[in-house]
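Residue strings, one per chain:
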Amino acid sequence: MIPVLRGESPSVEHAVGIPFPDADLFSFASLLVPPERERLAALHAFLQAEIRPVVTEHWNREEFPAHLLPALAEHGLGELELSGASRLFRGLAYAEVARADVSLSALVGIHNELVLGLIDALGSAEQKARWLPGLRRFRALGAFALTEPEHGSDIAGGLATTAARDGGGWVLSGAKRWIGSGTVADVAVVWARDTADGQVKGFLVETDRPGWSATRIEHKTGLRIMQNADIVLDEVRVPADALLPGATSFAAANEMLRNSRAWVGWQAAGVQLGIFDVARAYAISRHQFGRPLAAFQLVQEPLARILGHATASLGLMTQIARLQEDGLLDMPHAALAKATTTSLAREAAAAGRALLGGNGVVTDHEMAKLFNDVEILYTYEGTYEINSLIVGRAVTGVSAFV
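This text gives an overview of the structure that appears in the document. Bear in mind the structure is a predicted one, so any value in this text is a computation, not a measurement.

So, about the packing of helix α5 (residues 102–122) against helix α8 (residues 250–285). Where α5 meets α8, the axes come as close as 10 Å, and the angle between the chain directions of the two elements is 155°. Here α8 runs roughly antiparallel to α5, going by the angle between their axes. Where α5 crosses over α8, the handedness of that crossing is right-handed. Counted together, Val102, Ser105, Ala106, Gly109, Ile110, Glu113, Leu114, Leu118, Ala121 and Leu122 of α5 and Ala252, Met256, Asn259, Ser260, Trp263, Gln267 and Val271 of α8 form the full contact between these two elements. In the contact of α5 with α8, the residues fall into 11 nonpolar, 5 polar and 1 charged.

This paragraph deals with the packing of helix α4 (residues 87–100) against helix α9 (residues 297–325). The axes of two packed helices give the description: the angle between them and the distance between them. Where α4 contacts α9, the two axes come as close as 8 Å, and the packing angle between them is 140°. Of the possible angle classes, the one that applies to α4 and α9 is oblique. Taken as a pair, α4 and α9 cross one another with a handedness that is right-handed. Facing α4, whose interface residues are Arg87, Leu88 and Leu92, α9 presents Leu314, Thr318, Ala321, Gln324 and Glu325. For the contact of α4 with α9, the class distribution of residues is 4 nonpolar, 2 polar and 2 charged.

Our next topic: the pairing of strand β2 (residues 162–166). Looking at chain direction, β2 and strand β3 (residues 169–179) are connected through 5 bridges and run antiparallel. Bridging from a neighbouring strand, Arg165 pairs with Trp170 of β3. Connecting β2 to the next strand, β3, in antiparallel fashion are 2 residues, including Gly167 with a positive phi near 65°. In terms of strand pairing, β2 meets strand β4 (residues 187–194) through 2 bridges, oriented parallel. Across the sheet, Ala163 pairs through a bridge with Asp194, a residue of β4.

The subject of this paragraph is the pattern of salt bridges. Under the criterion given, the structure shown has 23 salt bridges. Arg216 is the salt-bridge partner of Glu62, the closest N and O atoms lying 3.9 Å from each other. With Glu62 in the loop between α2 (34–60) and α3 (69–74) and Arg216 in strand β6 (residues 212–216), the pair connects residues that are 154 residues apart, well separated along the chain. Glu62 gets classed as buried once you look at its relative accessible area, which sits at 11%. The exposure class assigned to Arg216 is partly exposed, which follows from its relative accessible area of 29%.

Here we take up the environment of Ala49. Among the secondary structure elements, Ala49 is positioned in helix α2. The exposed category is assigned to Ala49, whose relative accessible area is 57%. Considered as a pair, Ala49 and Ala100 are 51 residues apart in the sequence and their alpha carbons are 9.4 Å apart.

Conventions we followed
- Residues numbered from 1 in each chain as written.
- Predicted model: local features only at pLDDT ≥ 70, side-chain atom pairs only at ≥ 80, totals over all residues.
- Heavy atoms only, no water.
- Axes fitted to C-alpha atoms, helices over the stretch in contact; angles between N-to-C directions.
- Helix = DSSP H or I, 4+ residues; strand = E, 2+ residues; numbered from the N terminus.
- Parallel < 35°, antiparallel > 145°, perpendicular 65-115°, else oblique.
- Left-handed = near helix turned anticlockwise from the far one by under 90°.
- Contact = heavy atoms within 4.5 Å.
- Nonpolar A, V, L, I, M, F, W, Y, C, P; charged D, E, K, R; others polar.
- Pairing = 2+ DSSP bridges.
- Salt bridge = Lys/Arg side-chain N within 4 Å of Asp/Glu carboxyl O.
- Buried < 20%, exposed > 50% of the residue type's maximum accessible area, 1.4 Å probe, protein only.

This is the structure in structure tokens:
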């Protein structure tokens, strides 16, 4: 390490020469096998050089940058769940996308965890043959349509969208809300309650079918690149083979939600790396009172706190990856990981925004974008409170749910 003499204030040269410029201080990436480690390094370089510098303007305009999809596909982000890579690699890859941009990480994660992976796990041979090739290359996009205008946290028991048998097919009626990629998706996994047996079932629905309409939700404070939508299904007719054979009860959706909660934990870990990147660079380059901000104790402390939160989140998620590899991940694990990492991310974002002062409230310096995106992570895929109650039920044996 570079020595600092007693009574000496660190100079810019000292700051630039510090031995730990990267946020992965404990080198969790070193746990990967060498080929995956090299692949992750290449992915990091691509995302930082080609994605992070261009996304802020799209975020400001609430605009979906479709032109970036081919490059994301070239780096395997359209098919992470079918890549055969380790759970740790997939998690760290999700974290790297979030480190560059949280909105695109939401698209990549939903696409992989809740559409591509779901069709591969629960779909028929015909459904897989039709949809997986295009999805893997981002030539097709999918959406996961579960949440409804009146049912979010209580969706398991309250889901109101219906599916009725009609001749040789099904008729779907109802409404969905907050559906990611809803206005740009080619196909949606729609969850509806069978009017015959009351079971919640999953259907693959092409978004150009008559009766389907999607309206973009505007004026969001975060994840502004992600095209969330209000969906109306006005007697949408689909063939019998639109039913996912492995999704004939809500248990199938619940398993997907468990995995997606774990994925949000990786998002939260990744955005904390991004918060540290922005805060550290600003502290080194910004000068006040004739000194770099990095020379002040009240700047170094939040930097250390942000890094500590990121490191704790990465450690927690690394253990989640091990549980997934061993087939031991349960909903309380995923719920605790999601609640904890997003709470830490929220604290890190607040510290980072304050560190940038006035520049922390405009997106020119990225931190304002990160600050707002973290609020969405804290809320979606189960709010902090709901995930806490899932954990509370697991550790007490008493349910606080009505």
